[in-house]
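# A look at the structure
These are the residues of each chain, in order.
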Amino acid sequence: MTRRRLVAANWKMNGTRAANAAWLAEFAGARPSCETVVCAPFVYLPQLIDRLASSGLAGSATAVGAQNLSERSPGAFTGEVAGEMLVDLGCRWVIVGHSERRALYGETNEIVAAKAARALALGLRPIVCIGETLAERDGKRTMAVVSAQLAAVLKTCRAADLARGAVAYEPVWAIGTGRTATPEQAQEVHATIRAQLVAADSEAATATRIVYGGSVKPANAAELFAQPDIDGGLIGGASLIARDFVAICAAAT
Ligand code: PGA
């Protein structure tokens, strides 16, 4: 089975209404042919959803994603955003467990697993991020760390449900550092992730997109995407420049 490549933009805490409009105009003009998701700060999701719909790009090829959601249902949780609200807006995807949330906002494997389960229960497609730090890689603990992060998610979510979303392998040492994992380093971890999914549900494992993130650029995207278990990318810095993001999408097709 051939998995359709998925390329997701993670804008992180960046954007203005004017900059987003310019980005969307350039992106819509290029009409990328792979499946794309644009993950923006909560406040800009309505702008993205409206603009993509009016440019005729919304639909199965391009969707909008959030970068986080609460693991709880709506209620007295000041400052939180419920998955129900994302669904209400027309948002279809959500990033879960990004390493910045794990490192800076205390998200544990259990919280990440609860968020992934919450997203799936609401019909949102989670992009579940896993990845090791530099100290963990140097200590030869990469596979153990990544497997434990995925195992926590597979405890709360069926692999068959997770296949609606994606798993993103993002080595922390490669995020925003300009230091990309080599295609071989990334493939080695992706294959291990695939094997862990196979052990849970082989059919679901074959269908699940495992995307790579960490300093993906137009110059290195094609060689990463050529690996057998790399099914696309989660793009941070380079996704802020529409031309670069479009070039990365082109490398995926
Ligand atoms: P980067 O970020 O492409 O800037 O390294 C990737 C990510 O954090 O998702």
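Everything that follows concerns the structure shown earlier in this document.
Anyway, here's the lowdown on the structure attached to this text. None of these values were measured; they are calculated from a predicted model. (Residues numbered from 1 in each chain as written. Predicted model: local features only at pLDDT ≥ 70, side-chain atom pairs only at ≥ 80, totals over all residues. Heavy atoms only, no water.)

### Thoughts on the packing of helix H5 (residues 109-121) against helix H7 (residues 142-156)
Where H5 contacts H7, the two axes come as close as 8 Å, and the packing angle between them is 45°. By the angle between their directions, the pair H5 and H7 is classed as oblique. Crossing of H5 over H7 shows right-handed handedness. In this structure, H5 uses Asn 109, Val 112, Ala 113, Ala 116 and Ala 117 to contact H7, whose residues at the interface are Ala 148, Gln 149, Ala 152, Val 153 and Thr 156. Each residue belonging to the contact of H5 with H7 can be placed in one class, and the counts come to 7 nonpolar, 3 polar and no charged. (Axes fitted to C-alpha atoms, helices over the stretch in contact; angles between N-to-C directions. Helix = DSSP H or I, 4+ residues; strand = E, 2+ residues; numbered from the N terminus. Parallel < 35°, antiparallel > 145°, perpendicular 65-115°, else oblique. Left-handed = near helix turned anticlockwise from the far one by under 90°. Contact = heavy atoms within 4.5 Å. Nonpolar A, V, L, I, M, F, W, Y, C, P; charged D, E, K, R; others polar.)

### Remarks on the sheet that holds strand S8 (residues 232-235)
Judged by pairing direction, the barrel is parallel, and its 8 strands sit side by side in the order S1-S2-S3-S4-S5-S6-S7-S8 before closing back on the first. Direction aside, the axes of adjacent strands within the sheet are offset by 25° on average. Sheet topology places strand S2 (residues 35-39) next to strand S3 (residues 62-66); 4 bridges connect them, and they run parallel. Paired with Val 38 across the strands is Val 64, a residue of S3. With respect to the sheet, H7 is in contact with strand S5 (125-130) and strand S6 (166-169), its orientation differing from that of S5 by roughly 155°. (Pairing = 2+ DSSP bridges.)

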